[in-house]
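Analysis of the macromolecular model
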Amino acid sequence: MSDQPSDAVSSKLASALTGPILAGHLTNILLYGFLLSTFLNFSKTPAWRSMSRLHRTVLLLVLALDTVEVGFGVNDILYFGTNVSPSFAVFAQGTLPECYEPLITALIAALCQLVLALRALKITESVYIRYACIVVFGSIVLLETLWAIFLTYFSVAYHDGNYNAAIGKLGLTQALYLWMWFAAGADSIITASYITIIIRKMKGQSDTARSITKLIIKGAIQSASYTAILALATAISTQVTANGGPMVYIIPYAFWLPLSSLYALSLFATFTIGDRVTEKIRNEHSVSLQRDSKFAPESSVGVTSTNGNGHSSANPMLGLRQPSMFGSTVSVDHHA
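What counts and how
Residues numbered from 1 in each chain as written. Predicted model: local features only at pLDDT ≥ 70, side-chain atom pairs only at ≥ 80, totals over all residues. Heavy atoms only, no water. Helix = DSSP H or I, 4+ residues; strand = E, 2+ residues; numbered from the N terminus. Buried < 20%, exposed > 50% of the residue type's maximum accessible area, 1.4 Å probe, protein only. Contact = heavy atoms within 4.5 Å. Areas by Shrake-Rupley, 256 points an atom, 1.4 Å probe, with all protein chains shown as cover. Expected span 1.5 Å × (residues − 1). Axes fitted to C-alpha atoms, helices over the stretch in contact; angles between N-to-C directions. Parallel < 35°, antiparallel > 145°, perpendicular 65-115°, else oblique. Nonpolar A, V, L, I, M, F, W, Y, C, P; charged D, E, K, R; others polar. Core = buried A, V, L, I, M, F, W, Y, C linked by side-chain atoms within 4.5 Å. Patch = residues over 30% accessible without salt bridge, like charges linked within 9 Å, V, L, I, M, F, W, Y side chains within 5 Å. Salt bridge = Lys/Arg side-chain N within 4 Å of Asp/Glu carboxyl O. Left-handed = near helix turned anticlockwise from the far one by under 90°. Phe/Tyr/Trp six-rings, centres within 6.5 Å; stacked < 30°, edge-to-face > 60°. Lys NZ or Arg CZ within 6 Å of the ring centre and 35° of its normal.

The next thing to look at is the overall build of the protein chain. Along the backbone of the protein chain there are eleven helices and three strands. Start at the N end of the protein chain and walk to the C end: the helices and strands fall as α-α-α-α-α-α-α-α-α-α-α-β-β-β. Of all 336 residues assigned to the protein chain, the portion counted as buried reaches 49%. Counted over contacts in the protein chain with a minimum sequence separation of 6, partners at least 24 positions apart contribute 76%. For the protein chain, the exposed area adds up to about 15,900 Å²; of that, 64% sits on carbon and sulfur atoms.

Shown next, in the form of structure tokens:
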């Protein structure tokens with residue numbers, strides 16, 4: 001990105017410089033609206049009231065950080081949407097708050113990834129595996145955040161007109177794709193480790209337990225896949241467009257700018273997966289009982305979902321209790 005035009009820009013170049021940024025911010029605003037709706041609905045449930053103070057603090061902190069990120073995005077939209085100056089600097093340098101958007105997104109991602117990692121460690125029985133996971137997970141999240149800090153530094157320099165700011169061979173473009181590679185890696189490795197731990201822990205359990213495992217794995221994959229896919233798209237598009245000039249190098253911003261709200265939504269999915277699994281199992285057993293009641297009238301099924309501090313959000317049950325890394329415990333029993 002060293003060969004930058006220094007004077008007026010055409011409308012085509014102006015669109016190339018601002019279009020991906022506007023698209024990314026607008027997508028993030030839409031996701032933020034869904035996030036607020038999710039939070040308001042969740043805050044009225046017994047699950048929210050029975051959550052630990054730490055879990056609620058983390059959720060509120062992530063929501064606050066994402067609100068700041070969206071506010072910066074609105075500022076960018078107003079800046080690019082209303083500025084009529086033909087100067088390249090107006091489009092390329094952007095606003096100062098825009099420079100800090102990578103750091104805020106990285107903090108949100110780190111909080112979400114660490115919550116999932118800690119849930120995985122909570123059900124890891126081996127002390128050696130637990131400490132090994134702490135080192136691996138912590139290192140990946142730390143490096144991911146470090147590249148975001150570098151990107152913030154280069155963004156500020158770029159905003160000040162220093163288009164060639166670099167530390168050795170590391171510049172703005174390199175910091176962006178390294179950040180995204182590590183973000184995608186953190187999502188994938190932590191989620192894969194969690195799934196592996198759950199599968200190993202559930203060996204030899206009943207068919208119902210295996211059914212619960214499949215539901216939890218599905219939820220974990222869904223909550224991590226969207227952020228990982230967008231991070232990969234950003235990393236790949238950044239490397240592909242790195243030498244393409246100002247007409248294309250802003251394209252990756254359309255992929256990473258919505259990540260803050262996506263990570264926040266994934267955190268809500270993490271904390272509520274126990275309730276969603278419970279509800280699905282309850283519905284399945286309800287249908288099964290209605291179908292088989294005339295053959296086994298004494299049969300009863302119960303499902304309970306208990307959060308990390310022991311409060312129950314459904315009827316108590318006997319039988320299998322499957323501890324979830326998401327802060328919930330799902331219990332199922334079927335007895336005649």
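Next, the rest of the story.
For helix H6 (residues 101–122), built from 22 residues, the straight-helix expectation of 32 Å at 1.5 Å per residue is met to within 8% by its first-to-last C-alpha distance of 32 Å. Of all 22 residues making up H6, 16 are buried, and the element is well covered by its neighbours.

Put simply, H6 and helix H7 (residues 127–159) touch, their axes get as near as 9 Å, and they point 175° apart. Relative to H7, H6 is oriented roughly antiparallel. On H7, the residues that touch Pro102, Leu103, Ala106, Ala109, Ala110, Gln113, Leu114, Ala117 and Leu121 of H6 are Arg130, Cys133, Ile134, Phe137, Val141, Glu144, Thr145, Ala148, Ile149, Leu151 and Thr152. Looking at the contact of H6 with H7, its residues break down into 15 nonpolar, three polar and two charged.

So, about the nonpolar core. Residues Leu59, Trp179, Met180, Tyr253, Trp256 and Leu267 are the most contacted members of the largest nonpolar core, which totals 61 residues. The leading source of residues in this core is helix H1 (residues 11–42), at nine residues. Once residues lying within four places of it in the same chain are set aside, the contact partners of Leu59 are Phe42, Trp48, Met51, Leu267, Phe268 and Phe271.

Attention now goes to the environment of Ala184. Locating Ala184 in the fold gives a position in helix H8 (residues 172–201). Ala184 gets classed as buried once you look at its relative accessible area, which sits at 4%. The spatial distance from the C-alpha of Ala184 to the C-alpha of Ala231 is 5.3 Å, given a sequence separation of 47 residues. Once residues within four sequence positions are removed from consideration, Ala184 is found in contact with Ala228, Ala231 and Leu232.

A few words on a nonpolar patch on the surface. A surface patch of nonpolar side chains, about 370 Å² in accessible area, is lined by Trp181, Leu232, Ile236 and Val240. Among the elements that take part in the nonpolar patch, helix H9 (residues 207–241) stands out by supplying three residues, more than any other. Assignment of secondary structure puts Val240 in helix H9.

A word on the side chain of Asp76. In this fold, Asp76 is placed in helix H3 (residues 53–82). Judged by relative accessible area, Asp76 falls into the buried class, the value being 0%.

Among the structural elements, Thr18 can be located in helix H1. Residues contacting Thr18, with those up to four places away along its chain left out, are Phe80 and Phe91.

Take the packing of H6 against H8 next. Relative orientation and spacing of two packed helices are given, respectively, by the angle between their axes and the distance between those axes. Between H6 and H8, the shortest axis-to-axis distance is 9 Å and the interhelical angle comes to 15°. By the criterion of interaxial angle, the relationship of H6 to H8 is roughly parallel. Considering only the axes of H6 and H8, their crossing is left-handed. Contact with H6, carried on its side by Pro102, Thr105, Ala106, Gln113, Leu116, Ala117 and Ala120, involves Trp179, Ala183, Ala186, Asp187, Ile190, Thr191, Tyr194 and Ile197 of H8 and no other residues of that element. For the contact of H6 with H8, the residue count by class is eleven nonpolar, three polar and one charged.

This paragraph deals with the packing of aromatic side chains. Inspection of the entire model under this criterion finds eleven aromatic pairs. For the pair Phe42 and Trp48, a centre-to-centre distance of 5.9 Å together with 75° between the ring planes defines the contact as edge-to-face. You'll find Phe42 and Trp48 in the same group, each marked buried. Judged by centre distance (5.3 Å) and plane angle (65°), the rings of Trp179 and Trp256 are edge-to-face. Linking Trp179 in helix H8 with Trp256 in helix H10 (residues 253–256), this pair joins segments that are 77 residues apart in sequence. Accessibility assignment for this pair places Trp179 and Trp256 in one class, buried. Here a set of aromatic residues connected by ring pairs shows up, and it is made of Trp147, Phe150, Tyr153, Phe154 and Phe182. Here Arg56 stacks its cationic end above the ring of Trp48, 5.6 Å away from the centre of that ring.

All quantities given are derived from atomic positions and should not be read as evidence of function.
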